[in-house]
Every structure is written in structure tokens, then in C-alpha cells.
Amino acid sequence: VNFSVNSFLTERIEETISGFTAPVVVRLFGHDLDDLDRRATRAARILRGIPGAVGVRVQSPPGTPELVIRLRPADLARWGLTPVDVLDAVRTAFQGTSTGQVYEGNRAFDVVVILDPRARRSVADVGRLPLRGPGGTFVRLGQVADVYETQGRYGILHDGARRVQVVTAEVAGRDVGSFVADVRGALSGEALPRTPGSTLEIGGTGTEQRRSRNDLLMHSLLVGVGIFLLLWVVMGNLANLLLVLANVPFALVGGVAVVLASGGTLTMGSMVGFVTLFGITLRNSIMMISHYDHLVRVEGAAWGPGTAVRGAAERLAPILMTVLVTGFGLLPLAVGSNAPGREIEGPMAVVILGGLVTSTLLNLFVLPVLTLRYGRFPDAPDGAAEGT
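Because the structure is a prediction, the values reported are computed rather than measured.

S.K.: Can you help me understand the side chain of Ser 359 in this one?
M.R.: Following the sequence through the fold, Ser 359 ends up in helix α12 (residues 345-365). Overall, the relative accessible area of 1% leaves Ser 359 in the buried class. Side-chain polar atoms of Ser 359 contact the backbone oxygen of Gly 355, separated by 2.9 Å. What Ser 359 contacts, discounting residues up to four positions off in sequence, is Asn 247, Phe 250, Ala 251 and Thr 281.

S.K.: Even after reading the chapter, I still don't get the packing of aromatic side chains, so can you show me in this structure?
M.R.: Any aromatic ring pair is given by two values, namely how distant the centres are and how the planes are angled relative to each other. The final tally for this structure, using the stated rule, is three aromatic pairs. For the ring pair Phe 228 and Trp 232, a centre distance of 6.5 Å and an interplane angle of 35 degrees mean the geometry is tilted. Placement of both Phe 228 and Trp 232 in helix α7 (residues 205-235) is noted, with a separation of four residues, approximately one turn of the helix. Taking the relative accessible area as the measure of exposure, Phe 228 reaches 31% and is therefore partly exposed. Taking the centre distance of 6.1 Å and the plane angle of 40 degrees together, the rings of Phe 274 and Phe 278 count as tilted. A residue pair is termed a helical-turn pair when its members lie 3 or 4 positions apart in one helix, as Phe 274 and Phe 278 do in helix α10 (residues 268-297) at four residues. Given a relative accessible area of 23%, Phe 278 falls into the partly exposed group. In this arrangement the basic side chain of Arg 373 is found over the ring face of Tyr 374, its NZ or CZ atom lying 5.1 Å from the centre.

Basis of the calculations
- Residues numbered from 1 in each chain as written.
- Predicted model: local features only at pLDDT ≥ 70, side-chain atom pairs only at ≥ 80, totals over all residues.
- Heavy atoms only, no water.
- Helix = DSSP H or I, 4+ residues; strand = E, 2+ residues; numbered from the N terminus.
- Buried < 20%, exposed > 50% of the residue type's maximum accessible area, 1.4 Å probe, protein only.
- Polar contact = N/O pair within 3.5 Å; in protein donor to acceptor, adjacent residues only side chain to side chain.
- Contact = heavy atoms within 4.5 Å.
- Phe/Tyr/Trp six-rings, centres within 6.5 Å; stacked < 30°, edge-to-face > 60°.
- Lys NZ or Arg CZ within 6 Å of the ring centre and 35° of its normal.

Okay, structure coming up:
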């Protein structure tokens, strides 16, 4: 007996992606059912040996007990019985046949005729089922049919008009992406020899996570280039632009620390959290640098330690309000990040909160010092940009 317990959101996501409620799905395609069964059994044994694999199972295993009733045409003719009559009698005796309905108020109940349970407990009882011939004579089922137990299967899986055998696995104690990479290596080469006409596919949430991660990184890179060009136009010089971008590693420190503290697993929710975090922290650093520029350009303040401290103090309230509102909004998700239904939002909230702590502290204390040393404001008095 195998057990699998998933939250509703996880189960629906996995089932939508792969058709099975498991994060790792190995599909073996072929024509020969016996060969598919052997390869699936071997693949399941290999998966069980990979660290982190739990709940490995073959979805349509062979060996399902079956009761076979094989009619003998010669004996049927001898007793004057037809195959349809015999099989109808067997179905009525062991499955039941509806013969009418009874009513209770506005509810209707079927009246089913079926053999007494005490007379259908074993294979021998099936063979003793009495059948009545055309002349009124009775004959046992075992006299006109071979009744025996055998092994079969309850279903033959197909995908794209091809026969397929599926092996699924859960993952515990490690991230799904690295587990899928180990599965690919373990099932390659001679570990699972390919037969003519057979193919192998590895799918599930692990494969989709890797594809989504690559898409997210590529899109983030393109967006990052666009943001860099826009900030270049706004800031006007490379020094101030790099100071704005300096807040990104400030936020990265806290986000990475939280991921490591929570098990070191980088999920799609965590990556989305990093993207959101970088947007919030860049806003805060832009707010700081632009205010320094305003003090020098508009208010005519001399650029030096006094202006740096003044600008940081005046930006303290807006930056803290941004961080606190975001933090309080995400705190319930972060506290219950392991609760069912929060498989995506939970890690995202944890990363954002961890990154906001370090980015805020470093933005208020380290960024003014860096700006004092490296900031360049064209309208500042001569020598003031040196910060001395």
C-alpha cells in the first residue's frame, strides 16, 4: 500500500503540469508491454537509490490479480448453452443485475439480484455456479468453462497514441531541480538500456521549474538592461548610477541568508521574491540619490558630510514607511510559509522580508558613506564632491 499526501494547490499544479500528483515523472514509451514493465521496474529501483527520493511508484504495475472464465465451445454445445446466456448468469451472480426500483418519498432505489455472499467467496464457488440448460437440466459453470486465477493489469496507459509506463517520485530533503539532474544522469547510458522503438522522457514540476527559472533569468536580464539604460538617462553619470545599483547586493545578502536559513532550497517563489525585492530596494536607493541631487542642485547645499547626513535623515521616513508597509503586508505569508496553499507565496515573502532588513540598514548607513566618497553632482561647489 502506498500513501501520498499533498496540499490541494500542490496537487493541482503537479496534476496540471504532468497529469500525475508527483513532482518527478519518468515516462517510458514503447510497443512491448512486458519490456515496458521491465524497464519501469528497473527505473523505479534506480530512483529509489537516489538521495531524496521517496514514494517511488510505478503507476500501472503488472501483476494485478484477475479471475478468468474461459468458456469451452464444445461443452457449451453439448449442454445447449450459449456464451451470452452463460456470461449474463455470471454477471448477475457476482456483479448483480438491476430488476426494478422501489420508492421512498421522492427517492428511488434499485432492486438488484445477486448471489448470496456466502456462495461467492472463492474461485471454487465460481466454478460451482449452477446454470440451467434449455431442457431444464442444471450444469455447473466448471463443466463448461475453465475458471482460474492469473495476473493481469487494471489499465494500459497511453500518451500521444503510444503505450507508456510511468514512474513517479516525491522529493524530500533537497530541491527538485538537483534531484531531476541526478535522475537524468542515473537513467542515461547503460543504466537503463534503450530497446528499438522505446524512448524516455522526464517531466513534472522539476523540469518545469528549470524551464521557468531559465525564462525568468532571461527576461530579468533583458529588463535589467532596459532599466540600466533608463537610469543612465536619469542619473546623467556612471558614478551615481553605480551607487543606485549598489543597493542590489545589499538586498541580495539578506535574501540569500534567509534562503540558506530555511533549508537552502531556491524555488520559483524565492526567485520571484528576489525580483520583487530588487525593485523595492532600487526604489529606495533612487529616492536617496535623487534627494542628494535635489539638495545640491536646487537648494544649493555644499556637498559634504553635513549634506549627506541631512539627506539620509530626510529620506529616513519615506524609506521606512515603504519597508514597513511591505513588511507588515507580507508578514502573515512569511509566518505561515509552510502552510498548505502557500507553496509559492510563502518562500517569496520570506525572501522579500530578509532582503528588506539588510537593504534598509545598509541603504541608510552605508549608502550615504559611499555617496559621500563617490557621488558626483555637477552643481556642487568646487572640491565639495571629494567629501572632505
